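If you want the building blocks of each chain, they are given just below.
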Amino acid sequence: MRRFSQVDVFTDEFTKGNALAVVHDAEGLSTEEMAAFANWTNLAETTFLLPPRDPAADYRVRIFTISRELPFAGHPTLGSARAWLDAGNTPRDPGRLVQECGAGLVEVRRDGERLAFAAPPLLRNDPVENLQGLADALAITPDEIVEARWADNGPGWVAVLLHSAEAVLALKPDYTRFGEFTDIGVVGPHEDGGDAAFEVRAFVDEDGTFGEDPVTGSLNASIAQWLIPAEIAQRQYVAAQGTVLGRRGRVHLSLVDGQVWVGGDTVVGITGKVALQPVR
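To keep things clear, this report deals only with the structure shown in the data block. These numbers come from a predicted model, not from an experiment. (Residues numbered from 1 in each chain as written. Predicted model: local features only at pLDDT ≥ 70, side-chain atom pairs only at ≥ 80, totals over all residues. Heavy atoms only, no water.)

1. Looking at the overall build of the protein
Convention followed: Counting from the N terminus, the helices are the DSSP runs of H or I reaching at least four residues and the strands are the DSSP runs of E reaching at least two. All radius of gyration figures rest on C-alpha atoms, and the globule criterion is 2.2 Å times the number of residues raised to 0.38. Categorising residues by exposure relies on relative accessible area from a 1.4 Å probe, with only protein chains included: less than 20% of the type maximum marks a residue as buried, more than 50% marks it as exposed, and the intermediate range marks it as partly exposed. Residue contacts are defined here by distance: any two heavy atoms, one from each residue, within 4.5 Å place the two residues in contact. For the purpose of charge, His is not counted, nor are the chain termini; Lys and Arg are scored as positive and Asp and Glu as negative. We put the charge of a Lys on NZ, of an Arg on CZ, of an Asp on CG and of a Glu on CD.
Each helix and strand in the protein was counted, giving 5 helices and 17 strands. Computed over its C-alpha atoms, the radius of gyration of the protein comes to 18 Å, within 12% of the 19 Å expected for a compact globule of 280 residues. A burial count over the protein gives 53% of its 280 residues as buried. Of all intrachain contacts in the protein linking residues separated by at least 6 positions in sequence, the fraction that spans at least 24 positions is 61%. Of the charged side chains in the protein, 24 are positive and 40 negative, and the gap between their average positions amounts to 7 Å.

Laid out in structure tokens, this is it:
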């Protein structure tokens, strides 16, 4: 029997963020066994906590969707860090944790109860040439797109800026026309005075099945790496996500000394034991 946690990420109220399953003490499980359990949980991601291989790391994590393993993802990073701390572990540095994952070492800072990870570097950030294809996928016209850029930090994101948060919330994408685009993130500004500066939505392809992700750390990281240097967003802002799905995700973005940080509240909602044993 292994310790098991279910964490809600990017929210301060359980059931209003993005859920993550975490298996502690996952030594001995094969990749196939991890993948099978992640498929069974049927959550956006499931993570497995392991002893670090790099002496600079506090712990190692493997991240799985229902159909594939990811080198890095945002909400699993914060949720895994919260679960690791909640299990009674102590980092070397009281103010930060160092996570080892497929993308390397990722620093996670502690700001009170809120956690924030350092956004990984972009693998691709050039403008999107096929605006018509993007417009078709989102069931809008090209003139409704302010700008679109590849914002890939691992999953393959393309990010689309619309004129307003209302336009983002009104989207009804045509998944049959995604074509070359698999994971599309859309962002639009809110009017001043609210608790969030931007509204974000993430439309993703999971092994040929399309859907909307509730709250997405990796996408918000890459969007901030675009909008802040371009002076479209302030150096510190809050993004809302999950509104259409009945969630209340809030992602806290900031640029500090040239590094984008992606933060959010996390709530451990379920703890227990899982009967997950290696196949003999």
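2. What to know about the environment of proline 94
With respect to the helices and strands, the residue proline 94 is situated in the loop between helix H2 (74-86) and strand E6 (96-101). On the basis of relative accessible area, proline 94 is assigned to the exposed category, the value being 67%. Proline 94 sits 91 residues away from arginine 3 along the chain, and the two C-alpha atoms are 23 Å apart.

3. Here we look at the layout of surface pockets
This is how it is decided: Only protein atoms enter the 1 Å grid used here, on which a cavity is any set of points holding a 1.4 Å probe that cannot leave and a pocket is any open set flanked by protein within 12 Å on both sides along at least five of seven lines; residues with an atom within 4 Å of a point are listed as lining. Grid points are joined across faces, edges and corners, and a volume is the space filled by probe spheres set on the points. Any residue that is not Ala, Val, Leu, Ile, Met, Phe, Trp, Tyr, Cys, Pro, Asp, Glu, Lys or Arg is counted as polar, Gly included; the first ten are nonpolar and the last four charged.
Of the pockets and cavities examined, the largest pocket occupies roughly 540 Å³. What lines the largest pocket is a set of 30 residues, and nearest its centre among them are Ala44, Glu45, Val204, Glu206 and Asp213. Going through the elements one at a time, strand E2 (18-23), H2, strand E12 (198-206), strand E13 (209-213) and helix H5 (217-227) are the ones with two or more residues in the lining of the largest pocket. For the lining of the largest pocket, the leading source of residues is E13, giving 5 residues. Taken together, the residues that form the lining of the largest pocket break down as 12 nonpolar, 10 polar and 8 charged. There is about 300 Å³ of room inside the second largest pocket. Around the second largest pocket, the lining is made up of 14 residues, and of these Asp111, Arg114, Ala116, His252 and Ser254 lie nearest the centre. Of all the elements in the fold, those that place two or more residues in the lining of the second largest pocket are strand E7 (104-111), strand E8 (114-118), strand E14 (236-241), strand E15 (249-256) and strand E16 (259-264). Within the lining of the second largest pocket, the residues separate by chemical class into 6 nonpolar, 4 polar and 4 charged.

4. A short note on the packing of aromatic side chains
Convention followed: Ring pairs are drawn from Phe, Tyr and Trp, using the six-membered ring of Trp, whenever the two centres fall within 6.5 Å, and their geometry is named by plane angle: stacked under 30 degrees, edge-to-face over 60, tilted for the rest.
One pass over the structure, following the stated rule, counts 12 aromatic pairs. For the pair phenylalanine 178 and phenylalanine 210, a centre-to-centre distance of 4.9 Å together with 65° between the ring planes defines the contact as edge-to-face. Taken as a pair, phenylalanine 178 in the loop between helix H4 (165-169) and strand E11 (183-189) and phenylalanine 210 in strand E13 lie far apart in primary sequence, 32 residues in all. Assessed through its relative accessible area of 1%, phenylalanine 178 is described here as buried.

5. Thoughts on the pattern of salt bridges
In plain terms, the rule: In the sections that follow, a salt bridge refers to a side-chain nitrogen of Lys or Arg positioned within 4 Å of a carboxyl oxygen of Asp or Glu.
Summed over the entire model, instances satisfying the criterion amount to 15 salt bridges. Ionic pairing is found between glutamate 147 and arginine 149, a salt bridge with its closest N-O pair at 3.6 Å. Glutamate 147 sits in the partly exposed class, given a relative accessible area of 30%. For aspartate 195, the salt bridge is made with arginine 250, and the minimal N-O distance between the two is 2.8 Å. One end of the pair, aspartate 195, is in the loop between E11 and E12; the other, arginine 250, is in strand E15, with 55 residues separating them in the sequence. The exposed category is assigned to aspartate 195, whose relative accessible area is 53%. Among the charged side chains, a network of salt bridges with common partners joins Asp93, Arg96, Glu107 and Arg109.

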